[in-house]
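# Survey of secondary and tertiary structure
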Amino acid sequence: QQQVKQSPQSLIVQKGGISIINCAYENTAFDYFPWYQQFPGKGPALLIAIRPDVSEKKEGRFTISFNKSAKQFSLHIMDSQPGDSATYFCAASKEAAGNKLTFGGGTRVLVKP
Amino acid sequence: ETGVTQSPTHLIKTRGQQVTLRCSSQSGHNTVSWYQQALGQGPQFIFQYYREEENGRGNFPPRFSGLQFPNYSSELNVNALELDDSALYLCASSSTGTGEQYFGPGTRLTVT
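Every value quoted in this text rests on a predicted model; they were computed, and no experiment measured them. The residue numbers shown here count from 1 along each chain, following its written sequence. Both sets of labels track the order of writing: A upward for chains, 1 upward for ligands. Local features are withheld for residues below a pLDDT of 70 in this predicted model, meaning they are given only at 70 or higher, and side-chain atom pairs are given and counted only at 80 or more; totals for whole chains, interfaces and linings count all residues. Note: side-chain values were computed over all heavy atoms of the structure, leaving out hydrogens and water.

For the rest of this paragraph, the subject is the pattern of salt bridges. What counts as a salt bridge is simple: a side-chain nitrogen of Lys or Arg found within 4 Å of a carboxyl oxygen of Asp or Glu. In the structure shown here, the tally under the stated rule is 7 salt bridges over all chains. Among the salt bridges present, the one from A:R51 reaches A:E95, with a minimum N-O distance of 2.8 Å. Of the two residues, A:R51 sits in the loop between β5 (45–50) and β6 (56–59) while A:E95 sits in the loop between β9 (86–92) and β10 (102–103), which places them 44 residues apart along the sequence. Note on classification: 1.4 Å probe, protein chains only; a residue is buried when its accessible area is under 20% of the maximum for its type, exposed when over 50%, partly exposed between these limits. Classification of A:R51 as partly exposed rests on a relative accessible area of 29%. The shortest N-O distance in the salt bridge between B:D85 and B:R63 comes to 2.8 Å. Numbering of helices and strands runs from the N terminus; a helix is a DSSP stretch of H or I covering at least four residues, while a strand is a stretch of E covering at least two.

Written as C-alpha cells, this is what we have:
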C-alpha cells in the first residue's frame, strides 16, 4: 500500500524559532513531493515542492530537504511567525501517473508569540 | 486568474440520500482531482478527471462517481450516503505537464 508517514502530529514553537516536520514514503516510484499548508475551514494551499533530482529547495523562510536513499523529506520553517500556525501536510505522487497525491497525516503547528 | 471554486460550502444530508458537489477549475487547468478529508486527517484521493474521462481512482466504492464537463468543471456524486461519508470534500485542479495541484476551499458534508 502506498503510504506517506508524517511526524510529529503536533508541534509548538516560539516565535522566531525553527519548525521541522518530517515525512517518509514507501513507493520508490514517487517523483514529486509537495508540502501544503491548511488553515481551519480552508482548502490546502501549495507551499513548496521538490523533485528527486535535487536535495534541497528553499523559498523564502521555507526549505525542503530531500533524502532519496532514505526515502525521507522534511520541511523547515525558519523564523516561525504566529501567522504560520496551521496544519501542514506532506504529499507524494508519480507525475507520469497524473499526480494523484498521497498525503501524510498532517502536523499541527502552533507558533507562540 | 480565477482560483478553484466549489459549491455548496456546507451541506447536511440524511443517511441513504444522494448528493452532488460541484467544482470549477482554475483557468487554464484541464485536470480535476477530488479528495475526501475526514476530520483531523490528510486528504484521501477519490478520483481524477482529464478531458472528461476518469483518469485513476482511489480506494472508494462505486457509489462515488463523477463527471467532468467540456469547460473542465466537475461534479462529485455520492449515492446511498453513509455516516462515514461526513467529511470535507476537496477539489483540486492542475494542468498536464506540471505537478502543481491547486485546491478549492472544499465542501463540508455532514451526514446524519
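So, about the sheet that holds strand β7 (residues 64–68) of chain B. Residues and elements named next belong to chain B. Spatially, 4 strands are ordered β1-β3-β8-β7 in an open sheet, and the strand pairing comes out antiparallel. Looking at the sheet topology across the chains shown, the edges are occupied by β1 (5–7) and β7. Averaged over all neighbouring strand pairs, the angle between strand axes comes to 20°, with direction disregarded. Paired strands, in this sense, are two strands between which DSSP finds at least two bridges. Bridge analysis of strand β3 (residues 19–24) against strand β8 (residues 74–78) gives 5 bridges, and the strand direction is antiparallel. Looking across to β8, one finds that C23 is bridged to S74. What counts as an axis is a line fitted to C-alpha atoms, over the stretch in contact for a helix, and the angles between N-to-C directions run from 0 to 180 degrees.

This paragraph deals with the environment of A:K5. All names here are of chain A. Structurally, the position occupied by K5 is in strand β1 (residues 4–7). Look at K5 and you get exposed, because its relative accessible area is 53%. The sequence separation of K5 and A91 amounts to 86 residues, and the corresponding C-alpha distance is 9.3 Å. In what follows, residue pairs with any heavy atoms lying within 4.5 Å of each other are defined as contacts. Setting aside residues no more than four positions away along its own chain, K5 makes contact with N22, C23, A24 and E26.

With that out of the way, let us pick up the side chain of B:D85. Residue and element names in this part refer to chain B. Of note, D85 is situated in the loop between β8 and β9 (87–94). You can call D85 buried: its relative accessible area is 3%. Not counting chain neighbours up to four residues away, the residues in contact with D85 comprise Q36, R63, F64, V78, A80, L109 and V111.

Here the focus is the state of the cysteines. A covalent bond between the sulfur atoms of two cysteines is what we call a disulfide. Residues and elements named next belong to chain A. Here, the term disulfide refers to a pair of cysteine sulfur atoms separated by no more than 2.5 Å. Under the criterion given, the structure shown has 2 disulfides over all chains. Covalent S-S linkage joins C23 and C90, the inter-sulfur distance amounting to 1.8 Å. Residues C23 and C90 share a disulfide whose torsion about the S-S bond is about -95°; that sign makes it left-handed. Of this pair, C23 sits in strand β3 (residues 19–25) while C90 sits in strand β9, and the two are 67 residues apart along the sequence. Residue class for C90 comes out buried when judged on its relative accessible area of 0%.

Such coordinate-based values are descriptive only and should not be taken to indicate function.
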